[in-house]
Amino acid sequence: MIMAPVKEKKVNSRKNKNRIISFFKDERFRLSLGGFIIIFALFLTLSFISYFFTWKSDQSFEWEKIISNPDIRVENWAGKTGAWLSSLFLNKWFGIASFSIPFLLILTGFKLLRIRLLNYGRTLRITITGAIILSVSLGYLFSDAGGFLGSGPGGAHGYFVAEWLNAFIGKTGTAFLLILLIFSFILFSVKDSLLFTKNLLRKLGFKKSDTGITEQQQEDKVAVHIEEKEYKADEDESIQGSGPAEIESEDETGLKANVNDEDSSDNLQGDIKLHVKEKKSDERSLSDDIINSHQIEDYDPTLDLASYRFPPISLLEPYKSSESPVSKEELINNKNRIVETLANYKIQIDKITATIGPTVTLYEIVPAPGIRISKIKNLEDDIALSLSALGIRIIAPIPGRGTIGIEVPNQNPEIVSMRSVISSVKFQEARFELPIVLGKTISNETYAVDLTRMPHLLIAGATGQGKSVGLNAILTSLLYKKHPAQLKFVLIDPKKVELTVYSKIECHYLAKIPDTEDAIITDTQKVIHTLQSLTIEMDERYDLLKEAHVRNIKEYNAKFIARRLNPLKGHRYLPYIVVIIDEFADLIMTAGREIETPLARLAQLARAIGIHLVIATQRPTTNIITGVIKANFPSRIAFRVTSMMDSRTILDTPGANQLIGRGDMLITAGSEMIRLQCAYIDTDEIDRITEFIGSQRGYTTAHQLPEYVGDTGAESAEVDLRKRDDIFDEAARLVVQHQQGSTSLIQRKFSIGYNRAGRLIDQLEAAGIVGPFEGSKARQVLIHDEYSLEQLLKEMNN
């Protein structure tokens with residue numbers, strides 16, 4: 001009874017502490033503080049500027065009297081507070097360098113408002129260091145300024161530090177020290193200053209001579225390379241001169257110079273013949289000198305959206321359980337019942353251990369010698385009956401352990417939140433190309449995997465068992481790890497409601513064909529066109545890989561980032577493309593082979609060029625998941641299904657029919673099968689994430705896939721030219737003027753929809769202005785000059 005008030009005080013103290021912490025973490029407090037700091041910085045700047053005009057009159061007062069006596073007036077535009085602050089900074093501290101203080105305050109305020117203007121850490125270091133050096137330099141230069149701004153333009157800090165240095169190393173020593181500090185500061189803070197300094201030294205005559213060749217020969221070599229002469233190890237390259245007699249000399253680098261004996265050394269440039277020998281070390285030293293003199297930073301694809309910020313983990317809900325999913329009593333009872341059930345069938349076990357997972361507990365048993373594994377496997381239903389469980393799964397044996405596993409559902413399953421797996425060390429430190437985190441294993445370990453190694457994923461399960469949540473977990477994982485410049489999604493949703501929440505990030509992450517208004521593709525015909533467009537993109541990417549002499553997208557992008565590929569020759573940075581298809585069964589039923597054929601081609605070939613497929617279906621039957629699909633999707637996820645036949649269709653083995661639902665799943669990649677509890681993410685959480693991303697600056701449009709035009713030749717024969725579109729004449733002039741028969745061109749120029757632009761193309765074909773459909777290529781324009789077009793239009797209008 002005596003301890004109760006003490007405990008209550010501790011609880012109240014902890015609550016108060018939590019309230020204070022939550023107040024400072026509140027978004028409203030952060031925004032208010034950021035706004036206050038920016039306003040204070042502007043106030044400080046105003047007082048500093050005013051100080052230049054009012055410091056003489058305001059310096060005559062004693063500050064103690066100014067603050068205590070309201071009748072005393074100051075001249076500073078920011079009042080008494082501004083006069084005091086400006087005198088403190090400009091007079092007693094850093095002088096003119098004090099203007100760095102409001103600058104840093106403005107940066108801090110915008111950082112709290114989550115508006116990134118500059119690299120905060122680097123700018124902070126450079127500004128503080130520069131302010132100190134500037135203050136001391138001004139104190140040294142204007143030590144006899146006669147009290148300008150009170151203590152001089154360097155402030156009291158600059159004046160006293162400069163005077164101390166003068167007394168310690170003399171005025172000359174102080175000057176050299178300040179010059180060295182300023183030079184070092186510029187080298188470390190100004191971009192490309194090192195390269196500029198090297199080039200300046202070369203122009204002044206300070207050149208490298210440690211390669212064993214003369215300075216004149218070094219200049220000639222650089223001149224030859226700058227003029228873009230071909231440099232090959234097994235070929236001779238010469239700049240021929242003329243003359244009756246030549247003297248041949250060879251130096252240590254293997255470069256022979258044939259010099260006309262009548263010419264002086266000043267005329268070597270026109271009369272040098274370079275014979276390049278196979279000396280790799282000398283070639284590298286020469287090329288390194290040239291490269292170092294023309295250093296270029298690596299290409300950074302994220303600079304297009306340099307201010308982009310990844311969504312914070314705080315947008316996700318924790319969903320923490322209040323108690324352990326399995327109590328000690330439940331654990332002991334299940335162990336005893338398993339042992340008793342096996343004993344009833346005269347099966348003795350030597351050892352039994354338990355591993356508690358979020359929804360399932362794995363009991364591992366070691367049978368006595370001589371016990372057949374198949375005998376235990378056949379008792380699956382009997383053990384389920386004795387445990388009164390929804391359904392158990394026996395793994396006989398567990399690969400690599402030498403034990404038999406019995407998976408028993410927990411009475412109080414635990415929710416695995418998306419927040420817990422996203423914030424896990426395993427996911428945060430993953431160095432995968434496309435990291436996805438799916439949930440937790442039976443041993444409560446976070447399961448993260450690289451999508452590029454899968455490389456495609458097939459997801460199946462009955463309605464309401466967690467397929468859509470699984471797709472959201474995959475999408476969320478990638479949104480938390482990859483920049484919009486590095487990844488694009490093609491989202492196909494025939495059901496029209498599952499993936500529409502991602503439409504907010506259209507200008508950041510989504511890709512679509514040019515003639516599509518909505519980035520989330522729901523129409524079956526547009527799905528076919530999108531898949532065909534992806535095959536065109538695949539072929540184009542393979543052509544780029546061939547020209548770059550690389551085997552996959554990782555090697556290609558590494559080469560492009562290192563600026564070893566020329567954008568003028570069509571090379572570009574290639575983002576990964578992840579294609580998400582929900583309700584695949586509906587597409588197969590409505591389009592059949594038109595869907596399956598391009599999909600199979602993508603599954604077979606698209607891995608190397610960074611296109612990966614994720615397909616989900618609620619009907620895992622053999623007419624939906626065909627042999628072609630299964631052969632090209634080695635990685636598969638099975639949620640709970642209703643029959644063993646469906647489980648065999650997905651996984652080629654039973655097991656999915658014994659799952660307990662609500663995110664319980666099996667994933668197989670080759671021969672290994674793992675049971676997971678899928679991470680749960682609610683629609684509200686996805687809304688917050690997409691809203692956070694969508695509110696940031698993005699690209700002007702979604703990523704454009706290559707244009708694919710379907711076969712519309714049959715429709716053009718039925719076009720009635722008497723019912724031409726109102727803008728038919730303008731569209732005809734546009735096509736002839738650009739000599740390009742493209743639906744997307746008409747759509748963009750006249751701001752009309754795809755259907756109307758398609759009808760205009762059909763009418764232009766019927767009128768003989770453009771040619772017939774030619775696959776992925778634009779239609780041929782049959783009229784080549786505007787005069788012939790005007791004659792045709794005149795005849796049609798008559």
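What counts, and at which threshold
Residues numbered from 1 in each chain as written. Predicted model: local features only at pLDDT ≥ 70, side-chain atom pairs only at ≥ 80, totals over all residues. Heavy atoms only, no water. Helix = DSSP H or I, 4+ residues; strand = E, 2+ residues; numbered from the N terminus. Buried < 20%, exposed > 50% of the residue type's maximum accessible area, 1.4 Å probe, protein only. Areas by Shrake-Rupley, 256 points an atom, 1.4 Å probe, with all protein chains shown as cover. Salt bridge = Lys/Arg side-chain N within 4 Å of Asp/Glu carboxyl O. Pairing = 2+ DSSP bridges. Axes fitted to C-alpha atoms, helices over the stretch in contact; angles between N-to-C directions. Patch = residues over 30% accessible without salt bridge, like charges linked within 9 Å, V, L, I, M, F, W, Y side chains within 5 Å. Expected span 1.5 Å × (residues − 1). Polar contact = N/O pair within 3.5 Å; in protein donor to acceptor, adjacent residues only side chain to side chain. Phe/Tyr/Trp six-rings, centres within 6.5 Å; stacked < 30°, edge-to-face > 60°. Lys NZ or Arg CZ within 6 Å of the ring centre and 35° of its normal. pLDDT = per-residue confidence, 0-100. Contact = heavy atoms within 4.5 Å. Core = buried A, V, L, I, M, F, W, Y, C linked by side-chain atoms within 4.5 Å. 1 Å grid on protein atoms, 1.4 Å probe; cavity = no way out; pocket = protein on both sides within 12 Å on 5 of 7 lines; lining within 4 Å. Points joined across faces, edges and corners; volume = space filled by probe spheres on them. Nonpolar A, V, L, I, M, F, W, Y, C, P; charged D, E, K, R; others polar.

Participant: I'm lost on the overall build of the protein in this one. Help?
Facilitator: Scanning the protein from N- to C-terminus turns up 29 helices and 17 strands. Counting across all 798 residues of the protein, residues that qualify as buried make up 44%. Total accessible area on the protein is roughly 42,600 Å²; 54% of this is exposed by carbon and sulfur atoms.

Participant: Just to check I follow, could you spell out the pattern of salt bridges for this structure?
Facilitator: Pairing between side chains of opposite charge can happen when their charged atoms approach one another. Following the criterion strictly, the structure yields 20 salt bridges and no others. With a shortest N-O distance of 3.2 Å, Glu 498 and Lys 495 are connected by a salt bridge. Here Glu 498 falls in the partly exposed class, since its relative accessible area comes to 26%. Owing to a relative accessible area of 38%, Lys 495 belongs among the partly exposed residues under this scheme.

Participant: Just checking my understanding: could you explain the sheet that holds strand β14 (residues 635-638) for this structure?
Facilitator: By definition, the strands of a sheet pair up through backbone hydrogen bonds, in either a parallel or an antiparallel sense. Read from one edge to the other, the open sheet built from nine strands follows the order β8-β7-β16-β15-β14-β9-β13-β12-β10, with strand pairing classed as mixed. Edge positions in the open sheet fall to β8 (446-450) and β10 (487-492), since each of these has one partner strand only. Across the sheet, the axes of successive neighbouring strands diverge by a mean angle of 25°, strand direction being ignored. Taken together, the five bridges between strand β7 (residues 435-441) and β8 define a ladder with antiparallel strand orientation. Directly across from Pro 435, in β8, lies its bridge partner Asp 450.

Participant: Even after reading the chapter, I still don't get a nonpolar patch on the surface, so can you show me in this structure?
Facilitator: Taken together, the side chains of Trp 164, Phe 168, Ile 169, Leu 177 and Leu 181 define a hydrophobic patch exposed on the protein surface, amounting to about 510 Å² of accessible area. For Ile 169, the position within the fold is in helix α7 (residues 155-189). The partly exposed category is assigned to Ile 169, whose relative accessible area is 37%.

Participant: Just checking my understanding: could you explain helix α18 (residues 524-548) for this structure?
Facilitator: Owing to its 3.6 residues per turn, the α-helix brings residues three or four apart onto one side. Counted at 1.5 Å a residue, the expected span for α18 with its 25 residues is 36 Å, and the 36 Å between its end C-alpha atoms agrees. Capping of α18 at its N-terminal end is provided by Asp 523; its side-chain oxygen lies 3.2 Å from the backbone amide nitrogen of Gln 525.

Participant: Is there a simple way to think about the side chain of Glu 407 in this case?
Facilitator: The residue Glu 407 is located in strand β6 (residues 404-409) in this model. Take Glu 407: its relative accessible area is 2%, and that puts it in the buried class. Reaching out from Glu 407, the side chain makes a polar contact with the side chain of Arg 675 at a distance of 2.5 Å.

Participant: Honestly, the packing of aromatic side chains in this entry has me stumped. Any pointers?
Facilitator: Both the distance between ring centres and the angle between the ring planes are used here to describe each pair of aromatic rings. Here the structure, examined in full by the defined rule, presents 15 aromatic pairs. Each member of the aromatic cluster is reached from another via a ring pair, and the members are Phe 48, Phe 52, Phe 89, Trp 93, Phe 94 and Phe 99. One Lys or Arg, Lys 481, reaches over the ring of Phe 427 and ends 5.5 Å from the middle of that ring.

Participant: Sorry, what's going on with unusual backbone geometry here?
Facilitator: With an omega of -10°, the peptide bond running from Ala 396 to Pro 397 counts as cis. Among the structural elements, Pro 397 can be located in the loop between β5 (393-395) and β6. Each neighbour pair has its own omega, and for Met 454 with Pro 455 the value is -15°, a cis peptide bond. For Pro 455, the location among the structural elements is in the loop between β8 and β9 (457-460).

Participant: What am I meant to see in the pairing of β9 here?
Facilitator: Within a regular strand, the side chains alternate between the two sheet faces. By the alternation rule, side chains of β9 split into Leu 457 and Ile 459 and Leu 458 and Ala 460, which are all buried. In this structure, β9 lies alongside strand β13 (residues 611-617), joined through four bridges in parallel fashion. Across the sheet, the residue bridging to Ala 460 is Thr 617, located in β13.

Participant: Quick question: what am I supposed to make of the sheet that holds β6 here?
Facilitator: Strand order in this open sheet of four strands is β3-β4-β6-β5, and the pairing throughout is antiparallel. Two strands bound the open sheet, and with one partner strand each, they are β3 (349-356) and β5. Strand-to-strand twist in this sheet, taken as the mean axis angle between neighbours without regard to direction, amounts to 20°. With seven bridges connecting them, β3 and strand β4 (residues 360-367) associate as antiparallel partners. Paired with Ile 352 across the strands is Ile 365, a residue of β4.

Participant: Hey, could you run me through the pairing of strand β16 (residues 672-678) in this one?
Facilitator: Most of β16 is tucked away, with five of its seven residues classed as buried. Relative to β16, strand β15 (residues 664-669) is paired through six bridges, and the arrangement is antiparallel. Pairing of Leu 666 across the sheet is with Arg 675, part of β16. Counting the residues between successive antiparallel strands, the hairpin from β15 to β16 contains two residues, one of them, Gly 670, with a positive phi of roughly 85°.

Participant: What's the story with the confidence of the model for the protein in this structure? I'm lost.
Facilitator: One rule of thumb: low pLDDT means the predicted coordinates there are not for detailed reading. Within the protein, residue pLDDT values average 80, and 81% of them lie at 70 or more. Counting contacts from residues 209-294, a segment whose pLDDT is below 50, to residues more than four positions away or on other chains yields 109 contacts. Note on residues 712-717: pLDDT under 50 across the span, and seven contacts to partners over four residues away in sequence or across chains.

Participant: So what exactly am I meant to see when it comes to the side chain of Asp 664 here?
Facilitator: Mapped onto the elements of the fold, Asp 664 is located in strand β15. A polar atom in the side chain of Asp 664 sits 3.2 Å from the backbone nitrogen of Ile 660. In this structure the side chain of Asp 664 is engaged in a polar contact, spanning 2.5 Å, whose partner is the side chain of Arg 675. Discounting chain neighbours no more than four positions away, the residues touching Asp 664 are Val 360, Ala 638, Phe 639, Arg 640, Leu 659, Arg 675, Leu 676 and Gln 677.

Participant: Explanation requested: the nonpolar core in the structure shown.
Facilitator: The nonpolar side chains of a soluble globular protein tend to be buried, and buried together. Ranked by internal contacts, the top residues of the largest apolar core, which has 106 residues, are Phe 489 and Tyr 502. Broken down by element, this core gets its largest block of residues, eight residues, from α18. Once residues within four sequence positions are removed from consideration, Tyr 502 is found in contact with Asn 472, Leu 475, Thr 476, Leu 479, Leu 491, Leu 510, Ile 520, Ile 686 and Thr 690. Counting residues in hydrophobic clusters, the runner-up holds 21 residues, among them Ile 727, Ala 731, Ile 761 and Val 770.

Participant: Can you walk me through the layout of surface pockets in this structure?
Facilitator: In this approach a probe as big as a water molecule rolls over the atoms, and the regions it shows empty are the leftover space. Taken as a whole, the largest pocket holds about 800 Å³ of empty space. Looking at the largest pocket, it is lined by 32 residues, and the ones nearest its centre are Arg 393, Ile 395, Pro 399, Glu 407 and Met 673. Of all the secondary structure elements, the ones that give two or more residues to the lining of the largest pocket are β4, β5, β8 and β16. If one sorts the elements of the lining of the largest pocket by residue count, β16 sits on top with four residues. A per-class count over the lining of the largest pocket returns 12 nonpolar, 10 polar and 10 charged.

Participant: Where do I start with the environment of Phe 53 in this structure?
Facilitator: Looking at the element boundaries, Phe 53 is found in helix α2 (residues 27-59). Residue Phe 53 is classed as exposed on the basis of its relative accessible area of 62%. Sequence spacing of Phe 53 and Glu 75 is 22 residues, and the spatial spacing of their C-alpha atoms is 8.8 Å.

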